[in-house]
Amino acid sequence: QVQLVESGGGLVQPGGSLRLSCAASGSIFSIGVMGWYRQAPGKSRDLVASITSGGFTNYASSVKGRFTISRDNAKNTVDLQMNSLKPEDTAVYYCDAAVMTNWGGPVSTYWGQGTPVTVSS
């Protein structure tokens, strides 16, 4: 019904930048909060940043000042600009979205398949 597709991951040197993008498609009436999470090997999936449809943002303390989340409500996309990357930012990054598929219906959370980010020299 609803698909989220991430892109933009890859290998980058410490101090470098990457921009992740996520596009939602399918049976979408409206999208509430959209977010980015990450999961390093052997660790839990943790919130990186989130953004409401009105543009209010929230960041993990470890990325505040380095990462910026943004969204385009008309295109159902959410981006994550990552600057000053560190080796500890290495993880698989996932986007999620709280989606209402029809008016008055329930809100369900959908996830993308993940895109790997490796920060290494």
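Residues numbered from 1 in each chain as written. Predicted model: local features only at pLDDT ≥ 70, side-chain atom pairs only at ≥ 80, totals over all residues. Heavy atoms only, no water.

**Here we look at the state of the cysteines**
Within this structure, the stated rule accounts for one disulfide. The disulfide partner of Cys22 is Cys95, and the gap between their sulfur atoms is 1.9 Å. Its S-S torsion of about 45° marks the bond between Cys22 and Cys95 as right-handed, since a negative value means left-handed. Here Cys95 lies in strand β9 (residues 91-100) and Cys22 lies in strand β3 (residues 18-26), a separation of 73 residues in the sequence. (Disulfide = S-S within 2.5 Å. Helix = DSSP H or I, 4+ residues; strand = E, 2+ residues; numbered from the N terminus.)

**With respect to the sheet that holds strand β1 (residues 2-7)**
An order of β1-β3-β8-β7 is seen for the four strands of this open sheet, with the pairing classed as antiparallel. Where the open sheet ends on each side, the last strands, each with one partner, are β1 and β7 (67-72). When strand polarity is set aside, the average angle formed by the axes of neighbouring strands in this sheet is 15°. Pairing geometry for β1 and β3, over six bridges, is antiparallel. Looking across to β3, one finds that Val2 is bridged to Gly26. (Pairing = 2+ DSSP bridges. Axes fitted to C-alpha atoms, helices over the stretch in contact; angles between N-to-C directions.)

**Comments concerning the nonpolar core**
Core analysis: the biggest nonpolar cluster contains 30 residues, and Trp36, Leu80, Met82 and Tyr93 have the highest contact counts within it. Counting residues per element, the ones that place at least two in this core are β1, β3, β4 (30-39), β5 (45-51), β7, β8 (77-82), β9 and β11 (115-119). When near neighbours in sequence (up to four residues on either side) are disregarded, Met82 contacts Gly16, Ser17, Leu18, Leu20, Arg66, Phe67, Tyr93 and Val117. (Core = buried A, V, L, I, M, F, W, Y, C linked by side-chain atoms within 4.5 Å. Buried < 20%, exposed > 50% of the residue type's maximum accessible area, 1.4 Å probe, protein only. Contact = heavy atoms within 4.5 Å.)

**Looking at the layout of surface pockets**
For the largest pocket, the calculated volume is near 180 Å³. In terms of lining, the largest pocket is formed by 13 residues, of which the most central are Arg38, Ala40, Lys43, Asp46 and Glu88. Those elements that place two or more of their residues in the lining of the largest pocket are β4 and β5. Looking at the lining of the largest pocket, the element that brings in the most residues is β5, giving three residues. Residue composition of the lining of the largest pocket, by class: five nonpolar, four polar and four charged. (1 Å grid on protein atoms, 1.4 Å probe; cavity = no way out; pocket = protein on both sides within 12 Å on 5 of 7 lines; lining within 4 Å. Points joined across faces, edges and corners; volume = space filled by probe spheres on them. Nonpolar A, V, L, I, M, F, W, Y, C, P; charged D, E, K, R; others polar.)

Honestly, it's all geometry; don't read function into it.
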